[in-house]
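Read off the chains here:
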Amino acid sequence: MLQRLRTRKHFEHIALTPGAASALKSQPADLLVAPAADLFRQYWSKETIICIVGALGASTRLIAPFLTGKDLDPAVLVLDAKAKHVVPLIGGHASGGEALAFEIAADIGADPVITNDSNSQERLAIDSFGEAWGWRRGGKTIAWNKLMHLLSQGRQLDFEQHSGTTEWQLAKAASNGCFLSSRSSSSACDFYIGPFRGVECCWHPPNIWIGIGCERNTSLSIVKRALGISLDTVGIAIEAIAGLASVEIKADEACILSMAASLGCPIRLFTNQELSKVNVPNPSVQVANAIGISSVAESAALLAAGHLGKLLFEKRVFSAQDDEVGAVTIAIAESAEAFAPNRGELHLVGSGPGDLSFLTYDSRRALSRSVVWIGYGLYLDLLEPLRRPDQVRIESQITQERDRCIYALKLARQGIRVALISSGDSGIYGMAGLALELWLEQKVSQRPVFQVHPGISALQLAAARVGAPLMHDFCTVSLSDRLTPWEKIEARVRSAAEGDFVIAIYNPRSKDRLWQLNRVFDLLLEFRSPNTPALLARNLGREGEKVHLYTLDSLPVEEVDMLSLVIIGNSESRQENGQMITPRGYK
């Protein structure tokens, strides 16, 4: 679809169905051609994204009759005919148009044209930033507009945060115009982050679990009324609900399924054995006689809330009224951690060798979409020119791969869009494999979106620098024995040598591994000529890049380190005119 946007020469109207924006390239929407008024009349709603290819002036006049208000209008984006610029015309904050403009621009190599005050002043867009963190906004649009007006006048804002991750406070944009203080009373702050109502401007992380038990075939109206009364009693916003929780025998209960569907939240079901182990304040003999355990609502809510969860609303039974049937019991628990994997995304980004010119558009789009970037400090440094002030950088040491993956997955399960970054290609000695293993260990209902974005690997760039050494069969071998026993590494090298593969050697030599590369060369010399071409590349795609061609017996091992890559040719590889080639056999 985006390629069509790039090459379209005449004026078209493109309406994207809800949800299509998150997968513009992989799952393109249909291109709809019709009179503008008919299209806008059909698709004009907050849930729709409208892209117009044409002039800003003409676009403004076309949409003018349909404008209703910030809280009702869709995101409307305008692209020029050559797709060089992307302009969020309306719906930049409330409907996500600005974020989408950055994403589309990154994906097609265009420039986003953003004119709002928050972006130009590198301030956090307080009225929209929480969406990327998996939160839901509460309060009226008029109150948010007033708050944004105060911010544009240079007013520093006080806030209170009761729940949700605090990582957003690390963003540069969060300190430009926001006074980061924790208030003892939410009523004294300008905006509030947490499950409770009371402040006009609120963001609600999803950390509230509704424990629910009911008689068979209970009316849905009872459940809706009971939930509303229970939330009002505690002062909790419906936007803060993470999910419903109950006993396994209620897996097919119509009223619970319907309630979860209307809320757009998951249901966690627990066995009798699991529920019976939870200490609750109000055990019931009647419930025990009926299903064999003394509590459903309270114990299920607490189990769903997990470690450090606490009960905010003890169970209350609501009976049928008028023509209703059945009864429902409600309890409410608060989790220490938000839970919204259906909103979260984990992007495995291959950043390429280093220079931004080698970063693919697909990876750029993923980086633009993600509000949190996690990776080894050196790799994050190379990408720093692309990071916006609203995006948070979280770095770790090079030996902390598992902890890095666990934390990235933890954030994504909270509903946050996260980029987990590797150099080169994420699936080649990168983080994709470990992250996928951890993702697969999660229950299906607890998995965020998982997507791997390919990058240019070091061996590809190294090969390109010296010609075509990888034109025939080749393999890669890492000499790091931190995760693989040396005996197995040596066996793989021997097999590759016997099979006459071109061999790319990753992690060839470190301060603690000084002899392994010499051993590899000794093995190769058993099968190959000393004159076999050998490439030594260091700092590929980065400042200080060095690429030299040697032979197998002349490559200076003492100059090799962990920033180096070594490629050894096969029996037919040769050097000529400063180039290295492995013939494919076409001649």
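The paragraphs below set out a description of the structure included in this document. All values reported here derive from a predicted model rather than from experimental measurement.

Walk down a regular strand and you will see the side chains alternate between the two sheet faces. Counting buried positions along strand β11 (residues 208-214) gives 7 out of 7 residues, so the element sits mostly inside the fold. Both faces of β11 are covered, namely the face carrying Ile208, Ile210, Ile212 and Cys214 and the face carrying Trp209, Gly211 and Gly213. Across 4 bridges, β11 lies against strand β12 (residues 241-247) in parallel orientation. Across the sheet, Ile210 pairs through a bridge with Leu244, a residue of β12. As judged from the 7 bridges shared by β11 and strand β15 (residues 327-334), these two strands associate in the antiparallel manner. Across the sheet, the residue bridging to Trp209 is Ala333, located in β15.

Before going further, it helps to spend a moment on the packing of helix α7 (residues 220-234) against helix α8 (residues 254-263). Two measures define how a pair of helices packs: the angle their axes make with one another and the distance between the axes. At their nearest, the axes of α7 and α8 sit 9 Å apart, and the two run at 55° to each other. As judged from the angle between their axes, α7 and α8 are oblique. The element α7 and its partner α8 pack so that their crossing is right-handed. For the pair α7 and α8, contact is made by Leu220, Val223, Lys224 and Leu227 and by Cys255, Ser258, Met259 and Leu263, respectively. In the contact of α7 with α8, the residues fall into 6 nonpolar, 1 polar and 1 charged.

Pairing within the open sheet is mixed, and its 5 strands lie in the order β22-β23-β26-β24-β25. Looking at strand neighbours, the two that pair on one side only are β22 (474-478) and β25 (546-551), the edges of this open sheet. Across the sheet, the mean angle from the axis of one strand to that of its neighbour is 20°, orientation sign disregarded. Alignment of strand β24 (residues 533-538) against β25, held across 6 bridges, turns out to be antiparallel.

Let us look at the side chain of Ser510. On the secondary structure map, Ser510 appears in the loop between β23 (502-506) and α18 (516-525). One polar contact links the side chain of Ser510 to the main-chain amide nitrogen of Arg513, over a distance of 3.2 Å.

Turning to the packing of helix α14 (residues 401-413) against helix α15 (residues 432-440), a few remarks are in order. It is at 9 Å that the axes of α14 and α15 come closest, and there the two elements cross at 50°. In this view, α14 runs oblique relative to α15, as classed from their interaxial angle. As α14 packs across α15, the resulting crossing turns out to be right-handed. Contacts between α14 and α15 involve Glu401, Arg402, Cys405, Ile406 and Leu409 on the former and, on the latter, Leu434, Ala435, Leu438 and Trp439. Along the lines of polarity and charge, the residues of the contact of α14 with α15 split into 7 nonpolar, no polar and 2 charged.

With that settled, the discussion passes to the sheet that holds strand β14 (residues 310-319). Reading across from one edge, β13-β12-β11-β15-β14 is the order of the 5 strands in this open sheet, with mixed pairing throughout. The outermost strands of the open sheet, each flanked by one partner alone, are β13 (267-270) and β14. Across the sheet, the axes of successive neighbouring strands diverge by a mean angle of 20°, strand direction being ignored. Bridge count between β12 and β13: 4 bridges; the pairing is parallel. Directly across from Val247, in β13, lies its bridge partner Phe270. Sheet strands in contact with α7 are β11, β12, β14 and β15, and its direction is about 140° off that of β14.

Take α15 next. For an α-helix, the turn length of 3.6 residues means that residues three or four places apart are oriented alike. The complete set of buried residues in α15 reads Ala432, Ala435, Leu438 and Trp439. For α15, the arc enclosing every buried residue in end-on projection is 135°, short of the 170-degree limit, so these residues lie on one face. Turning to α15, the residues buried within the fold contact β16 (345-350), α14, β19 (417-422) and β20 (449-453).

Turning our eyes to something else, we now look at the pairing of strand β3 (residues 75-79). By the criterion of burial, β3 is predominantly enclosed, with 5 of the 5 residues buried. Where burial is concerned, the two faces of β3 agree: the one with Ala75, Leu77 and Leu79 and the one with Val76 and Val78 are both buried. Here 5 bridges tie strand β2 (residues 49-53) to β3, and the two strands are oriented parallel to one another. Within the sheet, the bridge partner assigned to Cys51 lies in β3 and is Leu77. As defined by bridge partners, β3 adjoins strand β4 (residues 85-90) across 4 bridges and the pair is classed as antiparallel. Across the sheet, Val78 pairs through a bridge with Val87, a residue of β4.

A few words on the pattern of salt bridges. Where side chains of opposite charge bring their charged atoms close, a pairing between them can arise. With the rule as written, the count across this model stands at 28 salt bridges. A salt bridge links Glu334 to Lys310; its shortest N-O distance comes to 3.9 Å. Within this pair, whereas Glu334 is found in strand β15, its partner Lys310 is found in strand β14, the two being separated by 24 residues in sequence. What makes Glu334 buried here is its relative accessible area of 6%. Classification of Lys310 as partly exposed rests on a relative accessible area of 47%. Among the salt bridges present, the one from Arg528 reaches Asp500, with a minimum N-O distance of 4.0 Å. Taken together, the residues Arg528 in the loop between α18 and β24 and Asp500 in the loop between α17 (486-498) and β23 connect sequence positions 28 residues apart. Relative accessible area serves as the criterion here: at 28%, Asp500 is assigned to the partly exposed category. Several salt bridges share partner residues, and in doing so they unite Glu103, Asp107, Glu345, Asp362, Arg365 and Arg369 into one network.

What counts as what
- Residues numbered from 1 in each chain as written.
- Predicted model: local features only at pLDDT ≥ 70, side-chain atom pairs only at ≥ 80, totals over all residues.
- Heavy atoms only, no water.
- Buried < 20%, exposed > 50% of the residue type's maximum accessible area, 1.4 Å probe, protein only.
- Helix = DSSP H or I, 4+ residues; strand = E, 2+ residues; numbered from the N terminus.
- Pairing = 2+ DSSP bridges.
- Axes fitted to C-alpha atoms, helices over the stretch in contact; angles between N-to-C directions.
- Parallel < 35°, antiparallel > 145°, perpendicular 65-115°, else oblique.
- Left-handed = near helix turned anticlockwise from the far one by under 90°.
- Contact = heavy atoms within 4.5 Å.
- Nonpolar A, V, L, I, M, F, W, Y, C, P; charged D, E, K, R; others polar.
- Polar contact = N/O pair within 3.5 Å; in protein donor to acceptor, adjacent residues only side chain to side chain.
- Arc of directions from axis to C-beta.
- Salt bridge = Lys/Arg side-chain N within 4 Å of Asp/Glu carboxyl O.

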